[in-house]
Protein chains: 2
Amino acid sequence: MNIGEVAARAGMPSKTIRYYEEIGLIRPSRSANGYRAFHESDLHKLAFLGRARALGFSIEDCRTLLALYEDGSRESAQVKALAQQHLAEIDAKISQLQSMHATLSDLVQACHGDARPDCPILADLSSEK
Amino acid sequence: MNIGEVAARAGMPSKTIRYYEEIGLIRPSRSANGYRAFHESDLHKLAFLGRARALGFSIEDCRTLLALYEDGSRESAQVKALAQQHLAEIDAKISQLQSMHATLSDLVQACHGDARPDCPILADLSSEK
DNA sequence: CTTGACCTTCCAGTAACTGGAAGCCTTATG
DNA sequence: CATAAGGCTTCCAGTTACTGGAAGGTCAAG
């Protein structure tokens, strides 16, 4: 399989796949012509990575997850710990965004949004204290 | 005022303030010794930027907001439009994170997290289809 | 034989800082 | 007056996870 087909099947750009090779997440072999030659196992790894990334895991987390996945003697506790930690980060981000949302939607509500310069949003941003 | 005091009063690192100057968000004057000399107006702008950043606005949005703030003949509609657009992005991020959260917390729930290698989280990530 | 679609590598840019090195300025102290 | 501490300066590199683009090799079709 060439990179284009793999990209299509894994649902990610070829660029990303090359990048993943560059940082050592995958190691496709090479054909005589210099093209990357992907096996099913490479495709499988890429799909794994794609799903992990879709869940918001960082590349380094993905590297760890992949290593755990390939380590038959892993302890599920390690995986769970990593996932829980990530979940906590997600929670934190959600809270932060919700807080932003609350403030900002109040301000947007308060702004009449017409041709006049008077604006509660700017007033809030420039408020003393 | 030197940069240290401004940093303390604006609640951001000196590094950030230098960076904001570098990208043209502020233009503090200079003392004879080469130190940046901040006026109250600079501090005010930095506080404005800090609040806008805290609401998640990008630097470029901040630049626009600052320009609008300083333009006495702005139309509040412009500010409101920018804020609404940002609010939509926040909504999108929250949805995405909530979706990740839902999937991941299910998986975490399902993982016994002990010394055994069996792990629903890895199973899901490596699932065909 | 040429065209077009793939493939290759390499370099640069993105967002918004952050860390660190090398060195000048200022102030307090012995 | 020498020096040491702390603040200031600039400049360079690194971070995250790609993405775009240039220059050029390869392959299948007409």
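Structure: see above.
This structure is a prediction, so every number in the text was calculated from the model and none was measured.

K.L.:
Just checking my understanding: could you explain the environment of L125 of chain A for this structure?
P.N.:
Note that L125 of chain A resides in helix α6 (residues 120-125). Using a count of 24 C-beta atoms within 10 Å as the deciding quantity, one classes L125 of chain A as buried. Among all residues touching L125 of chain A, those that are not within four sequence positions of it are F48, R51, A52 and L65 of chain B.

K.L.:
Just checking my understanding: could you explain the protein's contact with DNA strand D for this structure?
P.N.:
The immediate surroundings of DNA strand D are formed by 17 residues, with N33, S58 and I59 of chain A together with N2 and G4 of chain B found nearest. With 3 residues, the top contributor of residues to the surface near DNA strand D is helix α2 (residues 14-22) of chain A. In terms of residue class, the surface near DNA strand D is built from 5 nonpolar, 7 polar and 5 charged.

K.L.:
Would you explain the nonpolar core in this entry?
P.N.:
Generally speaking, nonpolar side chains in soluble globular proteins are found buried as a group. Ranked by internal contacts, the top residues of the largest apolar core, which has 26 residues, are I121 of chain A together with L46 and A52 of chain B. At the level of elements, α5 (76-110) and α6 of chain A together with α1 (3-10), α2 (14-22), α3 (40-54), α4 (59-70) and α5 (76-110) of chain B are the ones that each hand at least two residues to this core. The biggest single contributor to this core is α3 of chain B, with 5 residues. Excluding residues that lie within four positions of it along the chain, L46 of chain B makes contacts with V6, A10, M12, I17 and I26 of chain B. Counting 25 residues, the second largest nonpolar core, distinct from the first, contains Y20 and C62 of chain A together with I121 and L122 of chain B.

K.L.:
I'm lost on the interface of chain B and chain A in this one. Help?
P.N.:
The accessible area lost on association of the parts is a frequent measure of interface size. The interface is formed by 45 residues belonging to chain B together with 45 residues belonging to chain A. Where the side of chain B that touches chain A is concerned, the elements lending two or more residues are α3, α4, α5 and α6 (120-125) of chain B. Considering each element in turn, the side of chain B that touches chain A owes the most residues, 20 residues, to α5 of chain B. Partitioning the side of chain B that touches chain A into residue classes produces 24 nonpolar, 13 polar and 8 charged.

K.L.:
Would you mind showing me how to read the protein's contact with DNA strand C here?
P.N.:
In the vicinity of DNA strand C there are 17 residues, among which N2, G4 and R36 of chain A together with S58 and I59 of chain B approach most closely. Elements that contribute at least two residues to the surface near DNA strand C include exactly α1 (3-10) and α2 of chain A together with α2 and α4 of chain B. Ranked by residues supplied to the surface near DNA strand C, first place goes to α2 of chain B with 3 residues. Split into classes, the residues belonging to the surface near DNA strand C amount to 5 nonpolar, 7 polar and 5 charged.

K.L.:
What is the right way to read the packing of α3 of chain B against α4 of chain B from this model?
P.N.:
Each pair of packed helices gets described by two things: the angle between the helix axes and the distance between those axes. Residue and element names in this part refer to chain B. For the pair α3 and α4, the least separation of the axes is 10 Å and the interaxial angle reads 130 degrees. If you check the angle between α3 and α4, you find them oblique. Helix-helix and strand crossings are classified by hand; for α3 and α4 the assignment is right-handed. Note on element contacts: α4 touches α3 through C62, L65, L66 and Y69, opposite K45, F48, L49, A52 and R53. Here the residues of the contact of α3 with α4 are counted per class, giving 7 nonpolar, no polar and 2 charged.

K.L.:
How should I be thinking about α3 of chain B in this particular structure?
P.N.:
An α-helical turn contains 3.6 residues, so any two residues separated by three or four positions project in the same direction. If you check α3 of chain B, its first and last C-alpha atoms are 21 Å apart, about what 15 residues at 1.5 Å a residue would give, namely 21 Å. Against α6 of chain A together with α1, α2 and α4 of chain B lie the buried residues of α3 of chain B. Where α3 of chain B terminates, the next one or two residues include G56 of chain B, which has phi positive at roughly 90 degrees.

K.L.:
How should the relation of the copies chain B and chain A be read in this particular structure?
P.N.:
Superposition of the two copies of the chain requires a rotation about an axis and a shift along the axis. After a rotation of 180 degrees and a shift along the axis of 0.0 Å, chain B superposes on chain A with an RMSD of 0.0 Å. Taken together, these values place the two copies in the relation of a two-fold axis. Taking C-alpha positions as the reference, the residue of chain B nearest the rotation axis is I94 of chain B, at 3.0 Å. In this assembly, 100% of the residues forming the interface of chain B have copies in chain A that are likewise at the interface, indicating an isologous arrangement.

Parameters and conventions
Residues numbered from 1 in each chain as written. Chains lettered and ligands numbered in written order. Predicted model: local features only at pLDDT ≥ 70, side-chain atom pairs only at ≥ 80, totals over all residues. Helix = DSSP H or I, 4+ residues; strand = E, 2+ residues; numbered from the N terminus. Buried ≥ 20, exposed ≤ 12 C-beta atoms within 10 Å, placed from the backbone. Contact = placed C-beta atoms within 7 Å. Near = placed C-beta within 6 Å. Nonpolar A, V, L, I, M, F, W, Y, C, P; charged D, E, K, R; others polar. Core = buried A, V, L, I, M, F, W, Y, C linked by C-beta atoms within 7 Å. Axes fitted to C-alpha atoms, helices over the stretch in contact; angles between N-to-C directions. Parallel < 35°, antiparallel > 145°, perpendicular 65-115°, else oblique. Left-handed = near helix turned anticlockwise from the far one by under 90°. Expected span 1.5 Å × (residues − 1). Least-squares fit on C-alpha atoms with pLDDT ≥ 70 in both.

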